[in-house]
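Inside the fold
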Amino acid sequence: AVQHAPGELRLEERPVPEPGPGDILVRVRAAGICGSDLHFSKYAVYGAGAILGHEIAGEVAALGEGVEHPRPGQIGVVYAGIPCGGCPECRGGLPHYCQGARSLGTGGPFGGLGEYLLTPADNFLVAPEGSDPALLTWSEPLANGIRCLDHPEVREARSALVFGGGPIGLSCLFAARQAGVERAWLVEGRPRRRQAAGALGAERVLDPSGDDVEAAVRDAFPHGPDLIVEAVGLPETIHSSFRLARPGGSVLLMGVCIGKIEVLPVSWMLKELTIRSSLGCARGEQRQALAWVVAGAPDAGPLVTRRVGLDEVPGAMKGLEGGADEIKVVVEHDGR
């Protein structure tokens, strides 16, 4: 499924690429549709010719020169980031911030919405034989949650409020519970996502269309939650996060807000808030997330709410943009 214009993806035939030294050829088995994919496609962020999809599971089809592992036929997930290895960030142990990095599914000829892709062999994380590729794709959003919460103040938090029950919000909820957060609430309107939040450890799930969210939170947490994760990306939920966080608390910004908002920084200062943002994940974080998914914690089965073929991608994207009651839509390639 190739980007041709804003909001326009077309199915095309392309030759199967040959892996070079250090690379492997992966036959994609499944690819999750991320909220960022909707944005990338709607605005043709990466221009014509790009293949989207960075939540990728597949099997090793061929090895390039010098590659001994993984073995052909093994199944696993593909870490999408490809750092250059030579810049100051890479040499300083921060490849996630590499300014010259390439990334599968975010520009270029390879992504999960194509049947084959090339990737460095080290970026293929092997899963047990017989694993369901669609469920393995959940490791990428879950790794985002692990990264978001990997901070000292989070490890000390005992209460949390998450705005948004999409894959990122649910991943942050689960990661917070794994990190020792005892009381976690979540705000979400869509029924499937609300149900999933309860299964993943939310003490209470508030519906913004019927509940007075701020009043309910203040009643349950008189000083405010220790930690608030904003995973919606809307000005109103960002402002609510700042208002509801306790003095000395933390606000983690995970939702992608592309519009400008007015803020009063002194209100943060008066509460001595810690404000952090997070983007993507590192390879080690996706490896940890994959181990969790393979172990069934969380159970990714109920989180994959729809499976579609490649020809159904444009319609599935339009449905998600329109607020379809889905958690994760996964594209499964034909002929498997």
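See above for the structure.
Conventions adopted
Starting afresh in each chain, residues are numbered from 1 along the sequence in its written order. Reporting in this predicted model follows two pLDDT cut-offs: at least 70 for local features of residues, and 80 or more for side-chain atom pairs to be given and counted; totals over whole chains, interfaces and linings ignore these cut-offs and use all residues. Each side-chain value is worked out from all heavy atoms of the structure, with water and hydrogens disregarded. Any Lys or Arg side-chain nitrogen found within 4 Å of a carboxyl oxygen on Asp or Glu counts as a salt bridge. Each residue is placed in one exposure class: buried if its accessible area under a 1.4 Å probe, protein chains only, is under 20% of its type's maximum, exposed if it is over 50%, and partly exposed if it falls in between. For helices the rule is a DSSP run of H or I covering at least 4 residues; for strands it is a run of E covering at least 2, with both sets numbered from the N terminus onward. Here, residues are in contact when the closest pair of their heavy atoms is within 4.5 Å. Cysteine sulfur atoms that pair up within 2.5 Å are treated as a disulfide. Each axis is a line fitted through C-alpha atoms, and for a helix only the stretch in contact is used; angles between axes span 0 to 180 degrees, taken between their N-to-C directions. In this scheme, roughly parallel covers angles under 35 degrees and roughly antiparallel covers those over 145, while 65 to 115 is roughly perpendicular and the rest are oblique. Two helices that cross are described as forming a left-handed crossing if the nearer one is turned anticlockwise from the farther one by less than a right angle, and a right-handed crossing if clockwise. Amino acid classes used here: Ala, Val, Leu, Ile, Met, Phe, Trp, Tyr, Cys and Pro are nonpolar; Asp, Glu, Lys and Arg are charged; the rest, including Gly, are polar.

This part is about the pattern of salt bridges. Taken as a whole and judged by the stated rule, the model has 17 salt bridges. Salt-bridge contacts for Arg-10 lead to Glu-8; the nearest nitrogen and oxygen are separated by 2.6 Å. Given the relative accessible area of 42%, Arg-10 is considered partly exposed. You can call Glu-8 partly exposed: its relative accessible area is 29%. A salt bridge links Glu-203 to Arg-183, with the shortest nitrogen-to-oxygen separation between them at 2.9 Å. Here Glu-203 is found in the loop between α7 (191-199) and β12 (204-206), whereas its partner Arg-183 is found in strand β11 (residues 183-187), with 20 residues between them in sequence. Residue classification places Glu-203 among the partly exposed residues on the basis of a relative accessible area of 45%.

A few words on the side chain of Ser-240. Looking at where Ser-240 falls in the secondary structure, it is placed in helix α9 (residues 235-244). Ignoring any residue separated from it by four or fewer positions in sequence, one finds Ser-240 in contact with Phe-163 and Glu-214.

Considering all chains together, one arrives at 0 disulfides under this definition. No disulfide involves Cys-84; its sulfur sits 3.6 Å from the nearest other cysteine sulfur, which is in Cys-98. Looking at Cys-84, the relative accessible area reads 46%, which means it is partly exposed. No disulfide involves Cys-90; its sulfur sits 3.6 Å from the nearest other cysteine sulfur, which is in Cys-87. Cys-90 sits in the buried class, given a relative accessible area of 14%.

Orientation of helix α6 (residues 167-178) relative to α7, taken along the N-to-C sense of each, is 15°, at an axis distance of 10 Å. By the angle between their directions, the pair α6 and α7 is classed as roughly parallel. The handedness of the crossing between α6 and α7 comes out as right-handed. Of the residues in α7, those touching α6 at Pro-167, Leu-170 and Leu-173 are Arg-193, Ala-196 and Ala-197. When the residues that make up the contact of α6 with α7 are grouped by side-chain class, the tally is 5 nonpolar, no polar and 1 charged.

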